[in-house]
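# Results of the structural survey
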Amino acid sequence: MFKQNRSLIIGLICLILGLSGFAAAFATAPETGSNGPYNVVVDSEGTVYASDYQDRLVQKFSSNGQSLGQLDGLGRFGYPAGLTVDKKNFVYITDWDKNIIQSFDSLGRFAGDWGSKGAGPGQMEFPNAITTDAAGNFYVSDNQNFRVQKFSSNRQYEFHWGSRGTDDGQFLDTRGVAVDAKGFIYVADGRKNQIQKFDNDANFVAKWGSDGTADGQFKSPRGIAVDPQGNVLVVDRFNNRIQKFDSDGRFLMKWGEAGSGAGQFAQPIGISVDTRGSLYVADYDNARVQKFDGSGKFLQQWQNDQWKSSKKLSWGMVGSVGLALVGGLFLFNWTIARRRAKNGWYD
């Protein structure tokens, strides 16, 4: 009996130990350095905020890249992701882990939160991006509920739209969301490789984009922003570029390519535009924020010490993954052997 189950026992032990080690390494990774800025927003005074979900905080910079400290939520953050600011320069942050929106004043003091995990009105499942309109209303891309939710300026739920699917007005992967001066809403869908445009009542207006590398095509569009002229800027993550469109989706220009030099990108994610039309891009895998003018000309970049040291891979994690794989192979081989013995044929 023991001989028959020996492989299963050994495999289970390896799998449990390996996955436990992997989970422990993963859980402690945020404390030892981030992978880089996930999202970015700039307020009316030029202060730049960058969400750092691996380290569970938000970094704060001056307009010239000088570090101004960080928001850590006094331990409140799970995984901070999306960012927006209001007219009073309060900062609003989506939290993937806690499924809430948190807010801070311009001095970094906690100012409240709202939301909870679920699929009901005002509840969220993996809230990704957030933005505001001219009236101070909030729009949140509720990723795993495949919808966008609208909240009033006093944080009260108003309505939502969207469902899972490929039809107009449906979503597969809600990512960036932006609102222009006329109240039109733009939503990036990372799996459909598409931008959808809605009016301020959430009626579908237009769409553009498809999977590919040509102008107007995308490989997982993420952040989205509107410049002072009403043009729509889209972070094309796996094409390592920024694309610019007019409000009707006509392609205007692009810039960027894979690399670590000035104006190059390594899986960029977030984007923000200041009142002068300058652009700020969270260049995730290069662990930096890059700043451009409205025509895509590189202006400057900055990092912090945590981002600079973040590209070191934990060998403990690698070893744990390897051990888990060994356990998985034991289980796989044992299962095949049992099926062969029982059924007399190869599965």
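Residues numbered from 1 in each chain as written. Predicted model: local features only at pLDDT ≥ 70, side-chain atom pairs only at ≥ 80, totals over all residues. Heavy atoms only, no water.

### A few points about the pattern of salt bridges
With the rule as written, the count across this model stands at 14 salt bridges. For Glu-158, the salt bridge identified is with Lys-150, shortest N-O distance 3.8 Å. For Lys-150, a relative accessible area of 10% puts it in the buried group. With a closest N to O distance of 3.6 Å, Asp-248 and Lys-197 form a salt bridge. Here Lys-197 lies in strand β15 (residues 194–198) and Asp-248 lies in the loop between β19 (241–245) and β20 (251–255), a separation of 51 residues in the sequence. (Salt bridge = Lys/Arg side-chain N within 4 Å of Asp/Glu carboxyl O. Buried < 20%, exposed > 50% of the residue type's maximum accessible area, 1.4 Å probe, protein only. Helix = DSSP H or I, 4+ residues; strand = E, 2+ residues; numbered from the N terminus.)

### As for the side chain of Asp-246
Positionally, Asp-246 belongs in the loop between β19 and β20. The class for Asp-246 is buried, based on a relative accessible area of 13%. At 2.9 Å, the side chain of Asp-246 and the backbone nitrogen of Asp-248 are in polar contact. Looking at Asp-246, its side chain comes within polar contact range of the side chain of Arg-250, at 2.7 Å. Once you skip the residues sitting within four places of it in the chain, Asp-246 turns out to touch Trp-208, Asn-231, Val-232 and Leu-252. (Polar contact = N/O pair within 3.5 Å; in protein donor to acceptor, adjacent residues only side chain to side chain. Contact = heavy atoms within 4.5 Å.)

### Overview of the sheet that holds strand β3 (residues 57–61)
Reading across the sheet, the four strands line up as β1-β2-β3-β4 and stay open at both edges, with antiparallel pairing between neighbours. On the outer flanks of this sheet lie β1 (39–42) and β4 (67–71), each paired with one strand and no other. Neighbour to neighbour, the strand axes of the sheet diverge by 20° on average, direction disregarded. Pairing geometry for β1 and strand β2 (residues 48–52), over four bridges, is antiparallel. Residue pairing in the sheet places Val-41 in a bridge with Tyr-49 of β2. (Pairing = 2+ DSSP bridges. Axes fitted to C-alpha atoms, helices over the stretch in contact; angles between N-to-C directions.)

Keep in mind these values describe shape, not function.
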